[in-house]
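# Commentary on secondary and tertiary structure
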Amino acid sequence: MGAVRRHKVCSPVAGRPAIVRLLDTLRSEGVSPIVVVVGHQCGDVVETVGSAHPEVHFVFQRDRLGTGHAARIGIEALARFGLDGDVLVTMGDKHLARGLVSRAHERFRAAHADLLLVSVPKGPDSSAGRLVRLPGGGIGGNVELRDIQKARILRVWLELAERSADLSRARLRAEGLKFIRPAAKLWKAMGRLAGFCRGTGRVVPSELAQAIRETGLDIAVCGRRLSPEEVERRSSSLNASVYIGRMDVLQSAVRRIGRDNAQDEYYLTDIIALTARPGPDGRPGGRVVEYRLRDPSEVMAFNNRAELRRIDEHVRGLEAAADRVRADARVRRLMLRAQEWSALLDPSSAEGRRLVSRTYGTDGSLCADRLRALRQTVRLFATHYGPDRRFFLVRAPGRVNLMGRHIDHQGGFVHAMAIDSEVILAAAPRDDDVIRLVNADPSSFPRRELVVGDWLGALNAPDWLSFVNGTAVRVHLMSTSGDWSNYVLASALFRQFHARGRRLRGFDAAVVGNVPMAAGLSSSSALVVAAMEAVDAANGGPRDGAEVVGACGQAEWFVGSRGGAADHAAIRLGRAGRAARMAFHPFRVSRYVPVPPDAAILVAASGEHAVKSAGARDRFNERVACYRIGMMLLRRAHPRLPASLEYVRDIAPDRAGLTPERVRALLRGLPERISRQAIRARLGRAAAERLEAVFASHADPGAYAVRAVMTYGVGEYERSRIAAGHLERHDLEAFGRLMRLSHDGDRVAGRFHPDGERNPAAHGPLHRLIGAYGCSTRRIDCMVDIALSVEGVYGAQLVGAGLGGCITVLAERSAVARVRKALAREYYEPLGLAPAAWEVRSVSGGGLIVPR
């Protein structure tokens, strides 16, 4: 196979070592105990097999004397276990179809056989051993191709010796290499006759002829001598090297195997003739039966890379077909035709109202609005793809994060809730890898057709980050900047990346949505989540919510951002009337915190789109880079800090055991501003590779405000840590103060909360640190200050990542009208904008809609 450090049987087949796949199959069919005979490169085999199948027993073959010798070692080991039953013998370079062993064993038992061998039809270029049938009997034995080749060479050599007075070794070697290559294998096959074809010079023809006659021209099969042509004529099937036999029969046979063959090895195949041959006392031979397969793909073996590729493609095809069957079975109950969906979603239908209440987790106040949106999606799908297609529906709501900004990817907590604005997607699986998209707003979101297969070459990157940082993605985003289909493509390519080697199915989809774009309410993340659910439904992918969340968080890196998965978690895992308190690295929802019913949550749009342009992505990614650089600098400057230091949360008092004063001192030691050149100099060569990966996500800002960003991160981690307690105690005043401090860290203008601290040199609780993350805008700051000036408002802050979008306001219900009026008078009217402030409600997270 050409691999120096890896044993052949450890070669991957569809991502799993070949021998491990074989053992998976044997274990699934009840084969136990299992002995694996190891020899050359045994460490690799033991480690590979042992990690997946610790129940397996290993025995060692010291000398490489062939398969018969290895089988004898393994069978003797089974005998020492006291096993007295039926034994299966096969090779580690095999792929066996599921169910094959069970069917073969049933045939073995039904035939009352002593030995059963599995066979496949003989093809024109087959290299496996030939199963030879004798006149008036069954299978007499197995003849290896190498022995047939040797016999043919001997016939050619004998003919040359009989008609040539002068014969060179070079001529004999040339004739031999026509049958067996390379020369080393030719010499081994010819045994003691190899001297006639090695080196230079001449041979005496009569001596060659005498040596050939002494060796014999024919092939011994069960006590008979057959020519190569007779062997081929009497064999219509090939030995698949899968044997089932009684323990006593196999033990006796493997002890009697000899080495009189072209390889000078103990051939396991000799057990066929040894079992079938009559005994010396005239007793009839054992009963040998053949289990002939019609489909040769049920047993496949590999000795070179081409054969391994064929097995890999075959297995991946089987897995894709199985995935498709599972996917169809899963999604079938969720798919209806347009007419059936329309009847179910009829506003006058009690069943439709129950569906909305069940799906959204709310009372009847949302029914009319959501039924209208769902029916619109159904009509859009039927118009573009036909009324008779069966399809499923997916919903993915927007989200509002009440606390924990820019901190999820640093291990902080996020308190987010899904809201009653959403993306709805209707989709029907296709048989190819094409994704077709239509939108209810075609002027803003034109029709698109995506071909996942076009990306297969680029998806060969070593990891997902390398792929999204690669040239192919950069070129694509430059030519399709801001295109809505990229968020769908992100989900499809993420799943395809992790299913390389098999082609995922595409789908036809119609999309309707009312999550405002570029408003900080995660309209793009909602589309990513909806698309991921559609890809998984079409292909039988994961249904676990936490797994989907993690996948969506990474998938969205495709569009250029390098954020975390908090938005996707709120969208997918939200609960009505609650904020999900989420932790990260690893991701988990630590608890769901009730939002007090007397609290109102408003969203107000600034009129500035939070567009994820290249410049905006650079700004976001540069802030994330400040975190990473800050942590690297701390580890370098303070080697006594815990070695596990990776995220901002790891220096917080509750995690690292440090005092607040010590944390403040660490922050003060960070540079206020530092260039890339200076960072490289401080961190040295050991960090160069990791550092360049950090720099690759954004353009060089000239200088990084590491201390200010890290100060904000520590303060926000502490705020996110204690926020849930305030909500659970219904202490909206305290929660509102945290919102104000959080926004102050994002400010670029306006007032600051009097309890906030920008400088880590001060003293007091760390949650009061605000630093300077600076992802707000002047307009956003103005809106926050207007809202905070209204009586009954607890807190207000930026929504989402920033650089435009919306604000969130937490207020008494009685203050809702006053907030809207104040914003209209002091913000919207002076700018000539239509007022855009509304109350949002908490709903259940998204996913596939279950019709009944």
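In the block above lies the structure referred to throughout.
Summary of the structure given here.

From N to C terminus, the protein chain includes 30 helices and 28 strands. Structurally, the protein chain occupies a C-alpha span of about 115 × 70 × 55 Å along its principal axes. Out of the 852 residues belonging to the protein chain, those deemed buried represent 56%. Long-range pairs, those at least 24 residues apart, make up 74% of the contacts in the protein chain between residues at least 6 apart in sequence. Across the protein chain, the centroid of the 125 positively charged side chains sits 2 Å from that of the 92 negatively charged ones.

For the rest of this paragraph, the subject is a negative patch on the surface. Among the surface-exposed residues, Asp-598, Glu-733, Glu-791 and Glu-812 lie close enough to one another that they form a single negatively charged patch. Examined against the element boundaries, Glu-791 turns out to sit in the loop between helix H29 (778-788) and strand S25 (793-798).

Attention now moves to the pattern of salt bridges. If the charged atoms of two oppositely charged side chains come close together, the side chains can form a pair. With the rule as written, the count across this model stands at 55 salt bridges. Between Arg-649 and Asp-650 there is a salt bridge whose closest N-O contact spans 3.0 Å. On the accessibility criterion, Arg-649 (8% relative accessible area) is buried. Between Arg-676 and Asp-700 there is a salt bridge, with the nearest N and O atoms lying 3.7 Å from each other. Placement of the pair is Arg-676 in helix H25 (residues 676-683) and Asp-700 in the loop between helix H26 (688-695) and helix H27 (706-728), with a sequence separation of 24 residues. Of the residues examined, Arg-676 reaches a relative accessible area of 12% and is grouped as buried. Via salt bridges that share partners, Asp-369, Arg-370, Arg-372, Arg-395 and Glu-422 belong to a single interconnected network.

This part is about the packing of helix H5 (residues 145-163) against helix H7 (residues 183-190). Axis separation between H5 and H7 bottoms out at 10 Å; the angle between their running directions is 85 degrees. Accordingly, the angle class assigned to the pair H5 and H7 is roughly perpendicular. Contact residues: Arg-146, Lys-150, Ile-153, Leu-154 and Trp-157 in H5; Lys-185, Leu-186, Ala-189 and Met-190 in H7. For the contact of H5 with H7, the per-class residue count stands at 6 nonpolar, no polar and 3 charged.

Our next topic: the nonpolar core. Counting residues in hydrophobic clusters, the biggest one holds 54 residues, and the most contacted among them are Phe-392, Trp-464, Phe-467, Leu-493 and Phe-558. Counting residues in each nonpolar core, the second largest holds 43 residues, with Val-663, Ala-687, Leu-691 and Leu-766 among its members.

This part takes up the side chain of His-743. Residue placement: His-743 occurs in helix H28 (residues 732-744). Given a relative accessible area of 1%, His-743 falls into the buried group. A polar side-chain atom of His-743 sits 3.1 Å from the main-chain amide nitrogen of Leu-798. Ignoring sequence-local partners within four residues, the contact set of His-743 consists of Ser-776, Ile-780, Asp-781, Val-784, Ala-796, Gln-797 and Leu-798.

Our next topic: empty space enclosed by the protein. Under the definition given, this model contains 4 cavities of 30 Å³ or more. Reported here for the largest cavity is a volume of approximately 50 Å³. In terms of lining, the largest cavity is formed by Ala-320, Asp-323, Arg-324, Arg-502, Arg-503, Leu-504, Arg-505 and Asn-539. For the lining of the largest cavity, the leading source of residues is helix H12 (residues 305-332), giving 3 residues. Partitioned by chemical class, the residues of the lining of the largest cavity number 2 nonpolar, 1 polar and 5 charged.

Packing of H27 against H28 brings their axes to within 9 Å, and their N-to-C directions diverge by 160 degrees. The angle between the axes of H27 and H28 places the two elements in the roughly antiparallel class. Classified by chirality, the crossing of H28 by H27 is left-handed. Contact residues: H27 offers Tyr-712, Glu-716, Arg-719, Ile-722, Ala-723, His-726 and Leu-727, while H28 offers Leu-732, Ala-734, Phe-735, Leu-738, Leu-741 and Ser-742.

Okay, the packing of aromatic side chains next. Tallying each qualifying case throughout the model produces 16 aromatic pairs. Residues Trp-464 and Phe-497 carry aromatic rings whose centres are separated by 5.7 Å and whose planes lie at 70 degrees to one another, so their mutual orientation is edge-to-face. Of the two residues, Trp-464 is situated in helix H16 (residues 464-468) and Phe-497 in helix H18 (residues 485-497); the sequence distance between them amounts to 33 residues. Taking relative accessible area as the criterion, Phe-497 reaches 4% and is therefore assigned buried. Joined through ring pairs, the aromatic side chains of Trp-455, Trp-464, Phe-467, Phe-494, Phe-497 and Phe-558 make up one cluster. Lys-8 extends its terminal NZ or CZ atom over the ring of Phe-302, reaching a point 5.8 Å from the ring centre. The ring of Tyr-266 carries the charged tip of Arg-72 above its face, separated from the ring centre by 5.7 Å.

In this section: the environment of Arg-259. Within the secondary structure, Arg-259 is located in the loop between helix H10 (247-255) and helix H11 (270-276). Looking at Arg-259, the relative accessible area reads 34%, which means it is partly exposed. For the pair Arg-259 and Asp-270, spaced 11 residues apart in sequence, the C-alpha separation works out to 9.7 Å. Not counting residues within four places of it along the chain, the set of residues in contact with Arg-259 comprises Leu-65, Asp-264, Glu-265 and Tyr-266.

The next point concerns H26. Of the residues making up H26, those classed as buried are Leu-691, Val-694 and Phe-695. Projected down its long axis, H26 carries its buried residues within an arc of 95 degrees, all on one side.

With that settled, the discussion passes to the pairing of strand S24 (residues 599-605). Of all 7 residues in S24, 7 are buried; the element is thus mostly enclosed. Side-chain alternation along S24 places Ala-599, Ile-601, Val-603 and Ala-605 on one buried face and Ala-600, Leu-602 and Ala-604 on a second face that is also buried. As defined by bridge partners, S24 adjoins strand S26 (residues 806-812) across 7 bridges and the pair is classed as antiparallel. Paired with Val-603 across the two strands is Thr-808, which belongs to S26. Sheet topology note: the S24/strand S27 (residues 837-839) ladder contains 3 bridges and is antiparallel. Looking at the pairing, Val-603 lines up with Trp-838 of S27.

Rules used in this analysis
Residues numbered from 1 in each chain as written. Predicted model: local features only at pLDDT ≥ 70, side-chain atom pairs only at ≥ 80, totals over all residues. Heavy atoms only, no water. Helix = DSSP H or I, 4+ residues; strand = E, 2+ residues; numbered from the N terminus. Buried < 20%, exposed > 50% of the residue type's maximum accessible area, 1.4 Å probe, protein only. Contact = heavy atoms within 4.5 Å. Lys, Arg positive; Asp, Glu negative; His and termini not counted. Charge placed at Lys NZ, Arg CZ, Asp CG, Glu CD. Patch = residues over 30% accessible without salt bridge, like charges linked within 9 Å, V, L, I, M, F, W, Y side chains within 5 Å. Areas by Shrake-Rupley, 256 points an atom, 1.4 Å probe, with all protein chains shown as cover. Salt bridge = Lys/Arg side-chain N within 4 Å of Asp/Glu carboxyl O. Axes fitted to C-alpha atoms, helices over the stretch in contact; angles between N-to-C directions. Parallel < 35°, antiparallel > 145°, perpendicular 65-115°, else oblique. Nonpolar A, V, L, I, M, F, W, Y, C, P; charged D, E, K, R; others polar. Core = buried A, V, L, I, M, F, W, Y, C linked by side-chain atoms within 4.5 Å. Polar contact = N/O pair within 3.5 Å; in protein donor to acceptor, adjacent residues only side chain to side chain. 1 Å grid on protein atoms, 1.4 Å probe; cavity = no way out; pocket = protein on both sides within 12 Å on 5 of 7 lines; lining within 4 Å. Points joined across faces, edges and corners; volume = space filled by probe spheres on them. Left-handed = near helix turned anticlockwise from the far one by under 90°. Phe/Tyr/Trp six-rings, centres within 6.5 Å; stacked < 30°, edge-to-face > 60°. Lys NZ or Arg CZ within 6 Å of the ring centre and 35° of its normal. Arc of directions from axis to C-beta. Pairing = 2+ DSSP bridges.

Coordinates in, geometry out; function isn't part of it.
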